[in-house]
Amino acid sequence: QVQLVESGGGLVQAGGSLRLSCAASGRTFSSYVMGWFRQAPGKEREFVGGIGASGRGKYYADSVKGRFTISRDNAKNTVYLQMNSMKAEDTAVYYCSTPASQYALFYRPSEYQYWGPGTQVTVSS
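None of these values were measured; they are calculated from a predicted model. (Residues numbered from 1 in each chain as written. Predicted model: local features only at pLDDT ≥ 70, side-chain atom pairs only at ≥ 80, totals over all residues. Heavy atoms only, no water.)

A. Quick look at the overall build of the chain. When helices and strands are tallied, the chain shows 0 helices and 11 strands. Secondary structure elements of the chain, listed N to C terminal, follow the sequence β-β-β-β-β-β-β-β-β-β-β. Taking 14 Å as the expected radius of gyration for a compact globule of 125 residues, we find that the chain reaches 13 Å, a close match to that expectation. Along the first, second and third principal axes, the C-alpha atoms of the chain reach 40 × 25 × 25 Å. Only carbon and sulfur atoms are counted for the fraction: they give 46% of the accessible area of the chain, which is about 6400 Å². Taking the 13 positively charged and 8 negatively charged side chains of the chain as two groups, their mean positions are separated by 6 Å. (Helix = DSSP H or I, 4+ residues; strand = E, 2+ residues; numbered from the N terminus. Rg over C-alpha atoms; globule rule 2.2 N^0.38 Å. Areas by Shrake-Rupley, 256 points an atom, 1.4 Å probe, with all protein chains shown as cover. Lys, Arg positive; Asp, Glu negative; His and termini not counted. Charge placed at Lys NZ, Arg CZ, Asp CG, Glu CD.)

The structure is reproduced here in structure tokens:
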């Protein structure tokens, strides 16, 4: 059973930084792509970005490109989301996610199927 647990959320001032972590278990972590999504109150869930199984390929939504960085440590079964130059509009619950298939594409949000419980990120302006 795949389990994902996010951590690192909290309150940060606009312009500040925060790093989220997502610990995965239940299967061979290094064989699967990983992604981050977020959902703000009253809005649809947004695909923030994804990373390939080896960590070489990465995709970012335009809204976070140049400010957020996704990385992974396959030895620790953990994926990270480094968030810099944060804005009030980054306020949301952030979710870690991964597909069921090893052949899923990291830049295709429809392929993500397993989800963590989420962690709240609040950016004060």
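There is more to say, and it comes next.
B. A look at the pattern of salt bridges. In total, this model carries 5 salt bridges according to the counting rule given. Bridged by salt links that share partners, the residues Arg38, Glu46, Arg67 and Asp90 form one connected network. (Salt bridge = Lys/Arg side-chain N within 4 Å of Asp/Glu carboxyl O.)

C. Structural context of the packing of aromatic side chains. Following the criterion strictly, the structure yields 6 aromatic pairs and no others. Between phenylalanine 37 and tyrosine 112, the ring centres sit 5.4 Å apart and the planes meet at 75°, which makes this aromatic pair edge-to-face. Taken together, the residues span a long stretch of sequence, with phenylalanine 37 in strand E4 (residues 34-39) and tyrosine 112 in strand E10 (residues 112-115) at a distance of 75 residues. The pair formed by phenylalanine 37 and tyrosine 112 is uniform in burial state, with each residue classed as buried. Centre to centre, the rings of phenylalanine 106 and tyrosine 107 are 5.3 Å apart; their planes meet at 85°, and the pair counts as edge-to-face. Residue classification places phenylalanine 106 among the buried positions, given a relative accessible area of 18%. Judged by relative accessible area, tyrosine 107 falls into the partly exposed class, the value being 41%. Through a chain of ring-to-ring contacts, three or more aromatic side chains come together here, namely Phe37, Phe47, Tyr59, Tyr112 and Trp115. Here arginine 45 stacks its cationic end above the ring of phenylalanine 37, 5.8 Å away from the centre of that ring. (Phe/Tyr/Trp six-rings, centres within 6.5 Å; stacked < 30°, edge-to-face > 60°. Buried < 20%, exposed > 50% of the residue type's maximum accessible area, 1.4 Å probe, protein only. Lys NZ or Arg CZ within 6 Å of the ring centre and 35° of its normal.)

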